[in-house]
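Observations on the model geometry
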Number of protein chains: 2
Amino acid sequence: MNIPSDLDISRATALKPLEDVAAQLGIGAHLLEPYGRSVAKISLDALEELPEEPTARYIVVSAITPTPLGEGKTTTTVGLGQALRHLGKRSAIAVRQPSMGPTFGIKGGAAGGGYSQVVPMEALNLHLTGDMHAVTAAHNLLAAMLDNHLHKGNSLGVDPHRITWRRVLDVNDRDLRNIVIGLGGRADGTPRQTGFDITAASEVMAVLALSTSLQDMRQRLGRIVVGYTRDGEPVSAEQLRAGGAMAVIMREAIKPNLMQTTENTPVLVHAGPFGNIAHGNSSVVADRIASRCADYVVTEAGFGADMGAERFFNIKCRTSGLRPDAAVLVATVRALKAHSGRYKVVAGKPLPAAMLAENPDDVRAGAANLRKQIDNIRLHGVSPVVAINAFPTDYHSEHDAIREVAEAEGARVAVSNHFLEGGKGALELAEAVVAAAEEPSGFQLLYPDSADLRTKIETIATKVYGADGVSYLPAAARALDGYEANGYGNLPVCIAKTHLSLSSDPTLLGAPTGWTLPVREVRASVGAGFIYPICGEMRTMPGLGSHPAAESIDIDEHGQITGLS
Amino acid sequence: MNIPSDLDISRATALKPLEDVAAQLGIGAHLLEPYGRSVAKISLDALEELPEEPTARYIVVSAITPTPLGEGKTTTTVGLGQALRHLGKRSAIAVRQPSMGPTFGIKGGAAGGGYSQVVPMEALNLHLTGDMHAVTAAHNLLAAMLDNHLHKGNSLGVDPHRITWRRVLDVNDRDLRNIVIGLGGRADGTPRQTGFDITAASEVMAVLALSTSLQDMRQRLGRIVVGYTRDGEPVSAEQLRAGGAMAVIMREAIKPNLMQTTENTPVLVHAGPFGNIAHGNSSVVADRIASRCADYVVTEAGFGADMGAERFFNIKCRTSGLRPDAAVLVATVRALKAHSGRYKVVAGKPLPAAMLAENPDDVRAGAANLRKQIDNIRLHGVSPVVAINAFPTDYHSEHDAIREVAEAEGARVAVSNHFLEGGKGALELAEAVVAAAEEPSGFQLLYPDSADLRTKIETIATKVYGADGVSYLPAAARALDGYEANGYGNLPVCIAKTHLSLSSDPTLLGAPTGWTLPVREVRASVGAGFIYPICGEMRTMPGLGSHPAAESIDIDEHGQITGLS
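Residues numbered from 1 in each chain as written. Chains lettered and ligands numbered in written order. Predicted model: local features only at pLDDT ≥ 70, side-chain atom pairs only at ≥ 80, totals over all residues. Heavy atoms only, no water.

1. Focus: a negative patch on the surface
Residues and elements named next belong to chain A. Just so we agree on the cut-off: Like charges are joined within 9 Å and nonpolar side chains (Val, Leu, Ile, Met, Phe, Trp, Tyr) within 5 Å, but only among residues with over 30% relative accessible area and no salt bridge; these make up the patches. For the accessible areas, the method is Shrake-Rupley and the probe is 1.4 Å, while residue cover comes only from the protein chains on display. The salt bridge criterion pairs a side-chain nitrogen of Lys or Arg with a carboxyl oxygen of Asp or Glu, the two atoms within 4 Å. This count recognises Lys and Arg as positive and Asp and Glu as negative, with His and chain-terminal groups excluded. A charged residue contributes its charge at one atom only: NZ of Lys, CZ of Arg, CG of Asp or CD of Glu. To qualify as a helix, a DSSP run of H or I must reach at least 4 residues; to qualify as a strand, a run of E must reach at least 2; elements of each kind are numbered from the N terminus. Residue burial is assigned from relative accessible area. The probe radius is 1.4 Å, only protein chains are included, and a residue is buried under 20% of its type maximum, exposed over 50%, and partly exposed in between.
A surface patch of like charges, here negative, comprises D45, E48, E49, E52 and E53. Secondary-structure assignment places E49 in helix 3 (residues 45–49). Note on E49: relative accessible area 48%, which makes it partly exposed.

Quick look at the structure:
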């Protein structure tokens, strides 16, 4: 099959004026602040003008445990949002802003794909309205003020060995992971070891995603803990007098960005926190606005349902107060075949040829993962809808195999062909979602604020991941005790583990049992408002491959971008 | 005297729609790309639509050698631009974008001041349209691709000890000046020593400022030299296949930003290269557009006339082909008193009280600097106009002393009170500028491209700085020989020395004689297109003070910014 590239489809889209896109949601032009011709920020005055109570059904799009290639969650989110319009529903889509590092690295852009894209994809993937850059700037100002505090006498008594605040850049740069700063002479600071993370991994990004208003963001920024004194007392951004300046740097970033899809459906693009050490969901502010002016809000949660959706329920909805009405689980033939354990899928490489042969037995052999992820949605009292994201290489028998598994679990299920057909291709999915969402929502948090941190971790590990229990390295146990003592015990937890398995071991496919979750270390994002136990090696700064995408990206003689995908 | 703060004046300004501001220059609304409500980018299609030949008189605003406090060059530039409108001239102002690092450090913002400001000052000082962030991103992508090249086998044979490309961030962070990267394990890169500069010091910023078009920028980015092989061959961004991706990142940044002054005069804000290791002038593209639609283009060159104006003439005008018609030299009573050598002025501290007493003799005692800077303008065949930037603490007798010195040199002179009175306060100055500009321009470059690098350096040192000659440390001499051998001998030179003296010693005030310019080191900005000899210690990454401006900056309960100055 010969379909145009994502960039060509994006360019061929007839964009509607953003005023018209916003008008579809009843958002007036006076609330829009244009950034170039294809993106506008939505003023937070919208929160004052719109009705107090949410009017929308709230749909989260998650997935079974993905292969390293990803299973098309963004594309499905966009396709579903478009399809709901075909059914006469006033829909809004809410997604994360992609990170520029991976765009120039191995992954390429992240705008959906085919005829279910956010457009123009260049604007989405490059700079957008500068929110990512604002996070970088606010984060690094705090770092500079902290090291300046050490340099100017350290009156707060910060222990240089217990500084947890690193620096960030939105670039894939492995050489910045572990660095020594402050070399040179006396005027050049205080030597110490530290490093850079990618901007998406910044706590400031998580703050942006979880804040409910500008003032709430200001308070959260001040609460960020950058390290500890020699006596073990936390040191905050507020104590360094950095919270105000950081909020000023982030003052525009808190406004959601309005774009549109290939079918002119409104999309709110806002915030892009990491999916492992942070909660991997787009912003609360965008969803709060959209849910008060749309019939349906479709948002995406990063990685599989054990990761993004669990955090969507227990971190994002806990903060926003919004209640989800249905959850879509994206499943693909290739991912279920991979969960059979019979194939090896590697990022950046083509699929093994044998995986492309018709083989519904392989699909059934990987079904345990789908069953467990359906269960993970139900755990939260939400109706699951399985979306089979169709690929041209799939066979009907393979789709039928997925359908049988899902229906045996009592889940709704639909084949979706939105990549090639846009919203029209996702009509069956949209109908299933509407049916699920019209049932009364039994949404419930998995654990109360008041549970202690170990109980929260163990609840997620045993109920969601299927672990037998949790083990803690001594440092992790000490950290948990310390956080309880510091008064952070009431925060939800965001467990950092691989997204390639329900377990903490990326090689265990399907639905592993008989294993224990090993917590190596525990860190705190006090400003954003969660504790994150780390299980396994978490890379917070990617590297570039032998042939980064950047090498193929250029402008042509007309000034048009080439090679961006 | 009680005048409102700059931020209050900025907020009280009735902004005109940018379409109306652009219309004053005959730039159609279809050429504007709005970024928020108060800034718009100007499409480079303007270069196609506007008349081929420049129509405007071209005025550069420079200064005598300033005190560490600065003498109000931006304010004078804005005041003059406004005053020309009072005289019925279609004027446009072109200035640099301020750097966010100093905004949160010691210096505060850089939008002019009083009733001669670029507004809104928050937009100017914070992010603007993201050009500065784009420079950071493009610069650091090249750095990551270079270190990735080392990591992946170094097929180009780059000598890790001869890498000249550092990284950049727009923050005052002394601890990043000297760092070791690539620590950790084998997967974490190659350990080596390097550091960060502030973004304004990036060669990418100088490229942005000197490019004549998008395609020219693409070529310059590719020509950037990042280091040398073990055989001494230069290694370029093009060889690393980074030039295209960098141009894509910079594709919007090449478009000038349109703002307005407190009197709604059009201002093009574009690029902000450092004033010592780079040429310290706003962009060629902005001036090329403005000069084809205005009667008068008023632009600012950083630091004193020996620095910014010399580079304006010999680097910027050499590149753009534009010919200046007059040069304003900003002089203040306090700076001339400082040049008497009788007082010590320190940045961030109040002036010595004795300096504020009426004392025209002190002014005359410092006049040698003014005389030499007038001469430096004349060296280039351009008419000088001395602008006495009036302060409330000045005395008439002191202004008269400056006037006498300037007139004795045959220069036009005017007292300007634009800070308190806006354009009306600069009418005398505007009339003097018009008279000077209406004379035929005898503009000439100080040296031809074909002169060798040592001749270029010695011409500037002896003719502009008043040195007896130039000495070269062995490393500098070797570097010059190497650059001539590499074929860079035809480039102009940008001498990096202190801006606080005509000499290379910041403690020598007035117009020092009997000294030799010591060239310690020579570096090349091959992409931007200049060689920069370094005379003395050049700090390319500022630090924060004991009480950074950031500590006082916040948002209030209405979300308004407080404490920004």
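2. Brief notes about the sheet that holds strand 13 (residues 234–236) of chain B
Sheet strands associate in pairs through backbone hydrogen bonding, adopting either a parallel or an antiparallel arrangement. Residues and elements named next belong to chain B. Using the following cut-off: At least two bridges found by DSSP between two strands is the condition for calling them paired. Every angle, taken between N-to-C directions, lies between 0 and 180 degrees, and every axis is a line fitted to C-alpha atoms, over only the stretch in contact when it is a helix. Should any heavy atoms of two residues lie within 4.5 Å, those residues are considered in contact.
Taken in spatial order, the 3 strands line up as 7-12-13 in an open sheet, and their pairing is antiparallel. Where the open sheet ends on each side, the last strands, each with one partner, are strand 7 (158–163) and strand 13. Strand-to-strand, the axes of this sheet are offset by a mean angle of 50°, without reference to chain direction. On top of the sheet, helix 7 (residues 131–151) reaches strand 7 and strand 12 (225–229); it is set at about 130° to strand 7, its chief contact.

3. So, the packing of aromatic side chains
Quick note on the threshold: Here the aromatic set is Phe, Tyr and Trp, taking the six-membered ring for Trp, and pairing holds for ring centres within 6.5 Å; pairs whose planes are under 30 degrees apart are stacked, those over 60 apart are edge-to-face, and all others are tilted.
Enumeration according to the criterion identifies 12 aromatic pairs over all chains in this entry. Taking the centre distance of 5.4 Å and the plane angle of 50° together, the rings of Y58(A) and F312(A) count as tilted. Here F312(A) lies in helix 12 (residues 305–320) and Y58(A) lies in strand 3 (residues 57–63), a separation of 254 residues in the sequence. Grouping residues by exposure puts Y58(A) and F312(A) together as buried. Centre to centre, the rings of F530(B) and Y532(B) are 6.3 Å apart; their planes meet at 65°, and the pair counts as edge-to-face.

4. Re the packing of helix 15 (residues 367–378) of chain B against helix 16 (residues 396–408) of chain B
All names here are of chain B. Quick note on the threshold: Note on angle classes: values under 35 degrees are labelled roughly parallel, values over 145 roughly antiparallel, values of 65 to 115 roughly perpendicular, and the remainder oblique. Note on convention: the crossing is left-handed when the near helix lies turned anticlockwise from the far helix by less than a right angle, right-handed when the turn is clockwise. Ten residue types, Ala, Val, Leu, Ile, Met, Phe, Trp, Tyr, Cys and Pro, are classed as nonpolar, four, Asp, Glu, Lys and Arg, as charged, and the remainder, Gly among them, as polar.
Contact geometry for helix 15 and helix 16: axes closest at 10 Å, N-to-C directions at 40°. Between helix 15 and helix 16, the angle falls in the class oblique. Pair helix 15 / helix 16 crosses with right-handed handedness. Across the interface between the two elements, A367, L370, R371 and I374 from helix 15 touch I402, V405 and A406 from helix 16. For the contact of helix 15 with helix 16, the per-class residue count stands at 6 nonpolar, no polar and 1 charged.

5. A look at the relation of the copies chain A and chain B
Using the following cut-off: Each copy is superposed on the other by least squares, with the fit set by C-alpha atoms of residues at a pLDDT of at least 70 in both.
Rotating chain A by 180° and moving it 0.0 Å along the rotation axis overlays it on chain B with an RMSD of 0.0 Å. The symmetry that links the two subunits is that of a two-fold axis. Scanning chain A for the C-alpha nearest the rotation axis identifies Y35(A), at a separation of 2.0 Å. Comparing interface residues between copies, 100% of those in chain A also sit at the interface in chain B, which points to an isologous, same-surface contact.

6. A look at the interface of chain A and chain B
To be explicit about the condition: Summed over both partners, the accessible area (1.4 Å probe) lost when two parts come together is defined as the buried area.
The partner chain B presents 72 residues to the 72 residues of chain A that form the contact. The contact between chain A and chain B buries some 5,900 Å² in all, and 59% of this surface belongs to carbon and sulfur atoms. Here chain A is connected to chain B by 8 salt bridges. With a shortest N-O distance of 2.8 Å, R177(A) and D188(B) are connected by a salt bridge. When contributions to the side of chain A that touches chain B are tallied by element, the ones reaching two or more residues are strand 1 (32–35), helix 7 (131–151), strand 8 (167–169), strand 9 (179–181), helix 9 (214–223), helix 10 (243–249) and strand 24 (554–555) of chain A. Per-element tally for the side of chain A that touches chain B: the top contributor is helix 7 of chain A, with 11 residues. Broken down by class, the residue content of the side of chain A that touches chain B amounts to 33 nonpolar, 21 polar and 18 charged.

7. Structural notes on the UniProt feature "binding site: ATP" (unreviewed entry) in chain A
All names here are of chain A. Heads up, the rule is: UniProt positions are given in the numbering used here, feature names are shortened, and annotations may be inferred rather than shown by experiment.
Under the feature "binding site: ATP" (unreviewed entry), the UniProt entry names T67, P68, L69, G70, E71, G72, K73 and T74. Among the structural elements, T67 can be located in the loop between strand 3 and helix 4 (73–86). Look past the residues within four positions of T67 in its chain and what remains in contact with it is R334, A335, A338, V345 and L500. Considering the arrangement of structural elements, one finds L69 in the loop between strand 3 and helix 4. On the basis of relative accessibility, which here comes to 32%, the residue L69 falls in the partly exposed class. Each residue touching L69, except ones within four places of it in the same chain, is listed here: R334, V345, V346, A347, G348, K349 and L351.

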